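Residue-level structural notes
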Amino acid sequence: MVLPSTATCDPSARPCLATRGSLPRSRTCASLLFLCLLLGLTVFCTDANPSDSKLLCSRLPCEPSSMQAKCLQSMFELIDSGFFNETKIQEIAKGATEMNVPIYRANRKLVATKNGGLENPSPLVFNPSWNREVRRVQGKRFKYPSASGVKLPRDEEDIAFMSVLELGELIKTRQVASEELVRIYLKQLKRYNHVLEAVVTYTEELAYKQAKEADDLLSQGTYLGPLHGIPYGLKDIVAVPGYKTTWGSTSFKDQVLDIEAWVYKRLKASGAVLVAKLVAGSMAYDDIWFGGRTRNPWNIEEFSTGSSAGPAASTSAGMVPFAIGSETAGSISYPAARCGVTALRPTFGSVGRTGVMSLSESLDKLGPFCRTAADCAVILDAIKGKDPDDLSSREIAFEDPFSVDITKLTVGYTKDADMKVVEVLGSKGVNMVPFELNYTVDSVQGILNFTMDVDMLAHFDEWQRTGQDDLYEAQDQWPVELRRARVVTAVDYIQAQRARGKLIREVEKSFTVDAFVGNVTDWEKVCMGNLVGLPVLVIPTGFKNISDPPTNSCRRRTTINAGIYAPPEHDHIALALGMAYQSVTDAHRKRPPIDDLGPDDLIPNRPRALIPPRRLHI
């Protein structure tokens, strides 16, 4: 390697702390200074007045901008990232200064002021065992409530909005065949998808095949349980052999994976029937995908928000009775809240993820979107369990949510809680008390972004290196974040995990109630809950008129919702409380105002303008 010639700095140049106060002597030195910043070191340019200090990235000494750009390019080549052009490098430098450096400092202050590693261990642990034998926990299956007396409605729309348990009773008592339900839900999917843009692939041939198998088993006297013959949808990050698994992305829209995802296996074994692969926001970021942007059935001028856009919108619109979505940082809770459905983000590790696109191994979770909390319990019972190929999954012996005595529970409510939920649960005999979850970690949102973005980049390194990020559907989302993740150092990633461990221990100590009711879309709660692995049940609690309706007769509504949070492995508590609330309320049974549309109908009150992409990372 031939070193560049030395360019002596102007005598008026300021001394630099990175060179122990001596003047920078060359372009190499200036590059070294940027590298210090890149690696998370505290680097300042300063004059005789120490109080007049500025970050190096805002002014490299003595270097014309073109030479400065070359220096930065050289530094990226040192970390094998020379594929970035000058514009992207400048974007990364700005983002590292504004976003990464403050998080570095906050986490170091929290956990790295003492040497020796005696305190604040990382929650990411190593298990050297080669034994992949699944040790079965002797846990009993949930005892589902009887839905006896349910009669088959005459109207197919009424059938489409029935709960899983109600549909299961119709199947069990042979009032309807699985093949008939498949026909009804495929009709619903095709009827409303032109409005909502919620479906990627119809699995029609597979659905009729699985439905016939379910009907044949029942005619032979074999009943697999409440999911026997029930149609459903999967978020399109879940692999099913023979069908595209697009991850919602232009880069992967023709991808077919010869993998049978663990969660799909579990549902198939329970007799459930797959009717569609539903929209995942591109590479599981938000509601934008290669085919458009998924809309909220309750207000088609809004979008569904969150990458589990298809599962939320389809369940809300009666296009499927339930669907499986995923969450890394809000992609179950946000779209469920926006679309007015009941959904469960389960305890981390309770559902296996083999065959599912991964953002972050320590954050990703799969969970159900349903009409009711009882349905969420049924789905959880079917899909939970140890996945031998998912090292984070566990066999958790959940207690039966249908057997919980809620009058023995003490449940907190935060200042932002929906007081209707507090009042209803109190009237059902629950001891409701004011509550706040306290912790000292002040970089929660930064910890989550570091964890998610660095893990995601590791999984999509080749995608970025080959420039496929330039094809991404929303350039201010993954492309910007993953470029910034490229310069997060290994040390600062581990410091973030140590800070996460401190958060987990503080939340455990502060969680002095059996559960609490709070805002489910508060970003701090979303980040905290996902970092700690808390389960949360999203429940719709009501509706209000939209602001600035296009007509006086507009039927669009804004959903009101709440979250019921429980400690890890206590999902049954949140589910029991949700069932108690829904037993005396009806918001979860309301239908969105799209039920008078046909394939050739005009969309009433067509959206006047597209809502710009949100910058919130979920």
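The preceding data block contains the structure.
This write-up is about the structure you can find in this document.

The rules behind the values
- Residues numbered from 1 in each chain as written.
- Predicted model: local features only at pLDDT ≥ 70, side-chain atom pairs only at ≥ 80, totals over all residues.
- Heavy atoms only, no water.
- Helix = DSSP H or I, 4+ residues; strand = E, 2+ residues; numbered from the N terminus.
- Buried < 20%, exposed > 50% of the residue type's maximum accessible area, 1.4 Å probe, protein only.
- Areas by Shrake-Rupley, 256 points an atom, 1.4 Å probe, with all protein chains shown as cover.
- Disulfide = S-S within 2.5 Å.
- Core = buried A, V, L, I, M, F, W, Y, C linked by side-chain atoms within 4.5 Å.
- Pairing = 2+ DSSP bridges.
- Contact = heavy atoms within 4.5 Å.
- Polar contact = N/O pair within 3.5 Å; in protein donor to acceptor, adjacent residues only side chain to side chain.
- Axes fitted to C-alpha atoms, helices over the stretch in contact; angles between N-to-C directions.
- Salt bridge = Lys/Arg side-chain N within 4 Å of Asp/Glu carboxyl O.

The helix and strand inventory of the protein chain stands at 18 helices and 17 strands. Put simply, the protein chain has 618 residues, and 58% of those count as buried. Surface exposure of the protein chain reaches about 25,900 Å², of which carbon and sulfur atoms provide 52%.

A separate point is the state of the cysteines. Throughout the structure, instances matching the rule amount to zero disulfides. In this model cysteine 376 remains outside any disulfide bridge; the closest cysteine sulfur is found in cysteine 370, 3.8 Å from its own.

Core analysis: the biggest nonpolar cluster contains 138 residues, and Leu267, Phe322, Trp478 and Leu577 have the highest contact counts within it. The dominant element in this core, judged by the number of residues it contributes, is helix 11 (residues 373-383), at nine residues. Within the second largest apolar cluster, 21 residues are counted, among which are Tyr192, Val199, Ala317 and Val320.

In terms of burial, helix 11 is a largely internal element, 11 of the 11 residues being buried. Within the span of helix 11, buried status applies to Ala373, Ala374, Asp375, Cys376, Ala377, Val378, Ile379, Leu380, Asp381, Ala382 and Ile383. Just downstream of helix 11 lies glycine 385, where phi reads positive at about 130 degrees.

All right, on to the environment of lysine 187 then. Position of lysine 187 among the secondary structure elements: in helix 6 (residues 178-196). C-alpha of lysine 187 to C-alpha of glutamate 156: the two residues are 31 residues apart in sequence and 9.8 Å apart in space.

On to the pairing of strand 17 (residues 557-565). Two strands pair when backbone bridges link them, and strand 15 (residues 515-518) and strand 17 are joined in this way by three bridges, in the antiparallel orientation. Bridge pairing links glycine 518 to glycine 563 in strand 17.

Once that is clear, we can look at unusual backbone geometry. In the Ramachandran plot, aspartate 80 falls in the positive-phi region, its phi being about 55 degrees despite a non-glycine side chain. With respect to the element layout, aspartate 80 can be found in the loop between helix 2 (65-78) and helix 3 (86-111). The exposure class assigned to aspartate 80 is exposed, which follows from its relative accessible area of 53%. Unlike most non-glycine residues, alanine 284 shows phi in positive territory, near 60 degrees. Tracing the backbone shows alanine 284 in the loop between strand 5 (273-278) and strand 6 (288-289).

What follows concerns the environment of glycine 318. Considering the arrangement of structural elements, one finds glycine 318 in the loop between helix 9 (309-316) and strand 10 (323-327). The buried category is assigned to glycine 318, whose relative accessible area is 0%. Residues glycine 318 and proline 297, spaced 21 residues apart in sequence, show a C-alpha to C-alpha distance of 9.8 Å. With sequence-adjacent residues up to four places away left out, glycine 318 is seen in contact with Ala160, Phe161, Tyr185, Gln188 and Arg371.

Turning next to the side chain of threonine 559. By the secondary structure assignment, threonine 559 is in strand 17. Within polar-contact distance, the side chain of threonine 559 engages the backbone oxygen of alanine 337 at 2.5 Å. A polar side-chain atom of threonine 559 sits 3.2 Å from the main-chain carbonyl oxygen of arginine 338. Apart from residues no more than four positions distant in its own chain, threonine 559 is found in contact with Trp298, Ala337, Arg338, Cys339, Gly340, Gly542 and Phe543.

With mixed pairing, 11 strands are arranged side by side in an open sheet as 3-5-4-10-12-11-16-17-15-13-14. Only two strands of the sheet have a single partner each, and these edge strands are strand 3 (199-202) and strand 14 (431-434). The mean inter-strand angle of the sheet, taken between neighbouring strand axes irrespective of direction, is 30 degrees. Bridge count for strand 13 (residues 410-413) against strand 14 is four bridges, and the pairing is parallel. Bridged to glycine 412 within strand 14 is valine 433. Here helix 18 (residues 571-582) sits on the sheet in contact with strand 11 (342-345), strand 13, strand 15, strand 16 (536-545) and strand 17, set at roughly 30 degrees to strand 16.

This part takes up the pattern of salt bridges. Following the criterion strictly, the structure yields 32 salt bridges and no others. Here arginine 394 and glutamate 569 are joined by a salt bridge, their closest N and O atoms 2.5 Å apart. Placement of the pair is arginine 394 in the loop between helix 11 and strand 13 and glutamate 569 in the loop between strand 17 and helix 18, with a sequence separation of 175 residues. For glutamate 569, a relative accessible area of 35% corresponds to the partly exposed category. When the shortest N-O distance is used, the salt bridge between lysine 502 and glutamate 506 registers 3.5 Å. Linking lysine 502 with glutamate 506, this pair stays in helix 16 (residues 490-510), spanning four residues, or about one helical turn. Owing to a relative accessible area of 17%, glutamate 506 belongs among the buried residues under this scheme. Within the structure, one salt-bridge network assembled from shared partners comprises Lys88, Glu91, Asp469, Asp470 and Arg483.

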